[in-house]
Amino acid sequence: MALKHAILAFLSRQPLSGYEVAKEFDEGFGSCFWKVSQQQVYAELGKLEQQNNVTYEAIPQPGRLDKKIYSITTQGQKELTNWLMKPTEPTTIREDLGVIGLAGHLIDPEVIVQEIERRRQLHFEKGHQIQKLDEQFVQNLESLSPKDLYMHLIIRRAIRYQQDWVAWCDEALQLITGLSK
């Protein structure tokens, strides 16, 4: 998946400013599946505009730069639907803790325990943040439109991802602390 497809997907739901798109990736639905900086979002929006996949309306703001509200174009929607019609492949895991698994024996186990405890807390908090995104969908599950049902399903996947990390951290901590006894 390219960043452009994720941005086009957000704009297929509603027009957004670049700031709002970046915020979606930081703390909204996009945080369930993608990590991106605000700078990357703005750079990609510029490319999408050059490719005629998005257009924007400039809204004047006194004393500041105009606010740009981006919308997906017919061409952008075609680009997105063409991508959506293609099969996807699972993402390869790229995880720093994998290297610790290879070479962790070279350092004090307490350092690894502290890192796993820290990671457990991060995944626990992220799971709760994502669950809040799902509350509106869960309350109206029987009446969700396909547009919202698909979002709900990906949010559920993201929740399970975070829960699985917490469970793995618990398992790892139990085994590591059992070794040091």
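Our subject is the structure listed above.
Residues numbered from 1 in each chain as written. Predicted model: local features only at pLDDT ≥ 70, side-chain atom pairs only at ≥ 80, totals over all residues. Heavy atoms only, no water.

## A closer look at the packing of helix H1 (residues 3-13) against helix H4 (residues 74-84)
Part 1: Two elements in contact, H1 and H4, have axes whose closest approach is 10 Å; the angle formed by their N-to-C orientations is 120 degrees. Once H1 is placed against H4, the crossing between them reads as left-handed. Judged by residue contacts, Lys4, His5, Leu8, Ala9 and Ser12 of H1 engage Gly76, Glu79, Leu80 and Trp83 from H4.
Part 2: Grouping the amino acids of the contact of H1 with H4 by side-chain chemistry returns four nonpolar, three polar and two charged. (Axes fitted to C-alpha atoms, helices over the stretch in contact; angles between N-to-C directions. Helix = DSSP H or I, 4+ residues; strand = E, 2+ residues; numbered from the N terminus. Left-handed = near helix turned anticlockwise from the far one by under 90°. Contact = heavy atoms within 4.5 Å. Nonpolar A, V, L, I, M, F, W, Y, C, P; charged D, E, K, R; others polar.)

## Describing the pattern of salt bridges
Any two side chains of opposite charge can pair, so long as their charged atoms come close to each other.
Part 1: All told, the structure shown has seven salt bridges when counted by the stated rule.
Part 2: Measuring nitrogen to oxygen at the nearest pair gives 4.0 Å for the salt bridge that ties Lys47 to Glu44. Highlighted residues: Lys47 and Glu44, both in helix H3 (residues 38-50), separated by three residues, approximately one helical turn.
Part 3: Residue classification places Glu44 among the buried residues on the basis of a relative accessible area of 13%.
Part 4: In this structure, the salt-bridge partner of Arg120 is Asp170, at a minimum N-O distance of 2.4 Å. Remark: Asp170 occurs in helix H7 (residues 146-179) and Arg120 occurs in helix H6 (residues 109-139); sequence separation between them is 50 residues. (Salt bridge = Lys/Arg side-chain N within 4 Å of Asp/Glu carboxyl O. Buried < 20%, exposed > 50% of the residue type's maximum accessible area, 1.4 Å probe, protein only.)

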